[in-house]
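The residues making up each chain are set out below.
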Amino acid sequence: MKLWYRSCLLFILVLSRPLMGQALAEKDLALVLDRDPAQAIRFQNAGAGILFPQSWYQAVLNGFRQTPVGDALERENVYDHWQLTGIRVAPCMPIGLVPTDNVREHCWPEVRLVWQPIVRTTTGGLFADDRAIHATYDVFPTDALSQEELSRVIALRNRLFSYYWGFKDPNNLLNAQEEAEFRALRNKVVQRLIGNTIWLRTLNASYAGHGLRPEYGRPEFALFRSRLLTWLQAYAPAHLIKEATAFSLPAGRAPGAINGWSFIAFHGQSGQLQPRNLSILSTRDGTEIFNFGDHSSASRQQDDPRLLRTPVSAAIAQELRNSVIFNAVDRNRLLPRLADRNQILPNNTSCASCHRFNQDGNDFHNMSYFVGLPQISLAERVRRDVAWDLNWLATHLQ
């Protein structure tokens with residue numbers, strides 16, 4: 001999260017379509033894209049700008065060199081292998097740090113892109129390399145608001161951000177009138193985002209349920225892809241990157257045998273990626289209770305060994321036991337909690353814990369493809385978040 005500055009918002013949204021009575025559904029908020037490289041949207045697309053610049057990719061390569069992954073990405077992949085596998089349209093991402101930080105009201109819309117390298121095998125099949133990058137963007141309130149409204153919502157959102165991320169100074173709390181202003185202006189931004197997301201539909205078909213977008217395999221796919229590129233230029237321009245996280249298996253393309261994955265993270269700053277430490281924040285008050293440094297690593301049997309051997313107080317040890325999957329025994333106990341935004345936020349657990357939703361312990365993918373399997377791995381956290389978002393929209397956009 002970061003404070004907004006008016007100078008960052010100078011770009012034009014070109015879509016702007018109303019909802020027109022169409023019912024929003026799962027495939028609108030969780031867009032699953034086919035793995036076929038011939039149809040892919042890539043880091044760089046002819047005539048549609050650069051979605052993931054070379055400088056970002058270099059930052060990811062540099063970040064993994066300091067981990068057990070080493071130079072695996074450089075050995076097994078190139079910039080052009082990477083393609084978009086999934087998009088999450090999240091209308092209400094919490095501004096705060098813990099579930100009790102009024103997550104249903106103090107929130108802002110976000111777009112999340114999931115990238116993965118997919119290659120053709122020597123036999124002509126498709127293989128998804130065991131790595132992925134998640135890039136997130138705040139939805140900025142451009143043409144949804146007047147200039148006066150724009151300035152006002154920036155000021156109100158910055159106060160909320162400063163409150164939650166700055167030791168909860170009561171001077172930054174919003175009064176009742178300001179709360180109402182913030183909700184009304186945020187909802188106008190969400191309304192525009194959802195209208196533009198409905199605009200991506202090119203079929204009179206059902207978008208209910210999770211799975212591949214229905215445009216694939218249909219004549220309307222070309223129009224959908226064209227619209228999606230336009231939508232991405234509006235909602236995910238490179239200069240508005242908020243943060244990125246990535247995970248990877250070391251070289252070898254054999255997750256069962258290698259049995260080790262590493263995670264790294266970045267802040268977006270002035271359109272570039274800056275490395276940041278990975279940490280776990282308390283679900284009680286948002287304070288840091290564990291810091292991994294510049295990366296964390298895990299196996300299918302357990303999380304980062306440092307969680308087990310680093311001395312912590314009894315209180316922190318108890319918090320970690322309630323928010324981190326240390327081993328297979330913890331998995332069944334904690335997965336329902338990890339899947340529920342009302343109980344835990346991503347900041348409150350480890351990266352590896354967030355990626356243990358699949359029955360196959362080697363599959364760490366939440367919205368991307370695993371090795372040669374044709375179906376996407378879609379984590380229960382994603383499904384539950386989409387259900388939460390649809391419920392939120394039904395109660396907030398009336």
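How each quantity is defined
- Residues numbered from 1 in each chain as written.
- Predicted model: local features only at pLDDT ≥ 70, side-chain atom pairs only at ≥ 80, totals over all residues.
- Heavy atoms only, no water.
- Helix = DSSP H or I, 4+ residues; strand = E, 2+ residues; numbered from the N terminus.
- Buried < 20%, exposed > 50% of the residue type's maximum accessible area, 1.4 Å probe, protein only.
- Contact = heavy atoms within 4.5 Å.
- Pairing = 2+ DSSP bridges.
- pLDDT = per-residue confidence, 0-100.
- Disulfide = S-S within 2.5 Å.
- Axes fitted to C-alpha atoms, helices over the stretch in contact; angles between N-to-C directions.
- Left-handed = near helix turned anticlockwise from the far one by under 90°.
- Nonpolar A, V, L, I, M, F, W, Y, C, P; charged D, E, K, R; others polar.
- Core = buried A, V, L, I, M, F, W, Y, C linked by side-chain atoms within 4.5 Å.

S.K.: Would you mind going over the side chain of Thr-202 in detail, with residue names and values included?
M.R.: As for its placement among the helices and strands, Thr-202 is situated in the loop between helix H5 (176–198) and helix H6 (221–235). By relative accessible area, which is 17% here, Thr-202 ends up buried. In this view, Thr-202 contacts Tyr-207, Glu-215, Glu-220, Leu-223, Phe-224 and Arg-227; residues no more than four positions away in its chain are not counted.

S.K.: Pulling in residues and values, what's your account of the pairing of strand S10 (residues 288–293)?
M.R.: When strand S9 (residues 278–281) meets S10, the two strands line up antiparallel, connected through four bridges. What sits directly across from Ser-279, in S10, is Asn-291.

S.K.: Which residues make up the confidence of the model for the protein, and what values go with them?
M.R.: When pLDDT is averaged across the protein, the result is 94; 95% of the residues are at 70 or more. This stretch, residues 7–14, has a pLDDT under 50; its non-local contacts, to residues over four places away or in other chains, come to 18 contacts.

S.K.: Now, about the state of the cysteines: what can you tell me, with residues and values included?
M.R.: A full pass over the atoms with the stated rule returns one disulfide. The disulfide partner of Cys-92 is Cys-107, and the S-S distance across this bridge is 2.1 Å. Taking the torsion about the sulfur-sulfur bond, which here is approximately -105°, the covalent link between Cys-92 and Cys-107 counts as left-handed. Residue Cys-92 is found in strand S2 (residues 82–94), and its partner Cys-107 is found in strand S3 (residues 107–120); the two are separated by 15 residues along the sequence.

S.K.: Could you give me a rundown of the packing of helix H4 (residues 147–165) against H5, with the residues and numbers involved?
M.R.: Contact geometry for H4 and H5: axes closest at 10 Å, N-to-C directions at 115°. Once H4 is placed against H5, the crossing between them reads as left-handed. Every residue of H5 that contacts H4 at Glu-149, Arg-152, Val-153, Leu-156, Arg-157, Arg-159 and Leu-160 is listed here: Glu-178, Glu-181, Phe-182, Leu-185, Arg-186 and Lys-188. Looking at the contact of H4 with H5 residue by residue, the classes come out as five nonpolar, no polar and eight charged.

S.K.: Break down the nonpolar core for me, with residues and values.
M.R.: Generally speaking, soluble globular proteins have nonpolar side chains that are buried together. Counting 94 residues, the largest nonpolar core has Ile-87, Trp-115, Leu-228, Trp-231 and Leu-232 as the members making the most contacts within it. Sorting elements by how many residues they give to this core places H6 first, with eight residues. In this structure Leu-232 touches Ile-41, Leu-51, Leu-84, Ile-87, Leu-113 and Pro-237, once residues within four positions along its chain are discounted. Ranked by size, the runner-up nonpolar core spans 18 residues in total, among them Phe-292, Leu-307, Val-324 and Phe-364.

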